[in-house]
Amino acid sequence: GGVASVSIGGGQDRAIMIDVDPAKLDARGLTISQVAQRLEQENVSQPAGIVKEGKSQYNLRSVGYFKSLEELRNLPLTNSNGQLVRLNEVANVRDSSQDITNFIRANGDPAVSIGITRQNSANTVEVAEKVKAAIAKIETRFPDLKFSMTYDQSAFIEKSILDLQETAIIGAVLAILIITFFLRN
């Protein structure tokens, strides 16, 4: 709780590449737009209604995303002359990554940055403590990953609170000394 958004920079984003062979498309009487249309029809997540159980209400979604490369490769495109044409017959489907458009480095090494923004109503220090606890869990599960904090606003806030407490104590001691000095005279 308390996190409004998470932004990620750097790294490589996964991309499924479909390299269509125009000659194979033409031989089967298909166009690239028909292939794109079939992909759009099958790779969909949409609302599927509401289920009510007692006082609870649940929103349902129909998820039609491809679960594997093999499922995508075997996607039926059309029925040509009684023969089913699948995507892998007209295209090479491969797992790849998108072009890197933004580079992040930490101590000269490639890195991924994660920016966490708190909700307006959330306490910055509490959210930061929860994020640090979550990172500690991740570090124990994946010891090869290295995390380093580059900016932590909660540290500034905690230091400001300590400074304020120190100033309040000094002010109280000075007030007592001044009142004592004037009351003796």
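As the structure is a prediction and not an experimental result, all values here were calculated from the model. (Residues numbered from 1 in each chain as written. Predicted model: local features only at pLDDT ≥ 70, side-chain atom pairs only at ≥ 80, totals over all residues. Heavy atoms only, no water.)

(A) Expanded view of helix H4 (residues 124-141). With 18 residues, H4 should cover 26 Å at 1.5 Å per step; its first-to-last C-alpha distance of 26 Å lies within 8% of that length. On the buried face of H4, the contacting elements are strand E1 (3-10), strand E10 (112-118) and helix H5 (153-184). With a side-chain oxygen lying 2.8 Å from the backbone nitrogen of Val125, the N-terminal cap of H4 falls on Asn123. (Helix = DSSP H or I, 4+ residues; strand = E, 2+ residues; numbered from the N terminus. Expected span 1.5 Å × (residues − 1). Contact = heavy atoms within 4.5 Å. Polar contact = N/O pair within 3.5 Å; in protein donor to acceptor, adjacent residues only side chain to side chain.)

(B) Representation of the packing of aromatic side chains. Taken as a whole and assessed by the stated rule, the structure comprises 1 aromatic pair. Ring centres of Phe181 and Phe182 lie 5.5 Å apart, and the angle between their planes is 70°; this geometry places the pair in the edge-to-face category. Given the relative accessible area of 53%, Phe181 is considered exposed. With a relative accessible area of 57%, Phe182 lands in the exposed category. (Phe/Tyr/Trp six-rings, centres within 6.5 Å; stacked < 30°, edge-to-face > 60°. Buried < 20%, exposed > 50% of the residue type's maximum accessible area, 1.4 Å probe, protein only.)

(C) Structural detail: the environment of Ala175. Residue placement: Ala175 occurs in helix H5. The class for Ala175 is partly exposed, based on a relative accessible area of 35%. With 66 residues separating them in the primary sequence, Ala175 and Asp109 have C-alpha atoms 54 Å apart.

(D) Representation of a nonpolar patch on the surface within the structure. Taken together, the side chains of Val3, Val6, Ile8, Val112, Ile114, Ile116, Ile138, Phe142, Leu145 and Phe147 define a hydrophobic patch exposed on the protein surface, amounting to about 870 Å² of accessible area. Sorting the residues of the nonpolar patch by element identifies E1 and E10 as the ones contributing at least two each. Within the fold, Ile138 resides in helix H4. A relative accessible area of 34% means that Ile138 is categorised as partly exposed. (Patch = residues over 30% accessible without salt bridge, like charges linked within 9 Å, V, L, I, M, F, W, Y side chains within 5 Å. Areas by Shrake-Rupley, 256 points an atom, 1.4 Å probe, with all protein chains shown as cover. Salt bridge = Lys/Arg side-chain N within 4 Å of Asp/Glu carboxyl O.)

(E) Structural context of the confidence of the model for the protein chain. Residue-level pLDDT values for the protein chain average 84, and 94% of them are 70 or greater. For the protein chain, the element scoring lowest by mean pLDDT is strand E4 (residues 56-63), at 66; H5 scores highest, at 92. (pLDDT = per-residue confidence, 0-100.)

(F) The side chain of Thr124, seen in detail. Looking at the secondary structure, you find Thr124 in helix H4. Taking the relative accessible area as the measure of exposure, Thr124 reaches 16% and is therefore buried. Excluding residues that lie within four positions of it along the chain, Thr124 makes contacts with Arg118, Gln153, Ser154 and Ile157.

(G) Summary view of the pattern of salt bridges. The tally for this structure, following the rule as stated, stands at 5 salt bridges. Residue Lys132 pairs with Asp152 through a salt bridge whose shortest N-O separation is 2.8 Å. Within this pair, whereas Lys132 is found in helix H4, its partner Asp152 is found in the loop between H4 and H5, the two being separated by 20 residues in sequence. When its relative accessible area of 35% is taken as the criterion, Lys132 is described as partly exposed. Residue Lys159 pairs with Asp163 through a salt bridge whose shortest N-O separation is 3.2 Å. Residue Lys159 and its partner Asp163 are located together in helix H5, separated by 4 residues, close to a single helical turn. A relative accessible area of 36% means that Asp163 is categorised as partly exposed.

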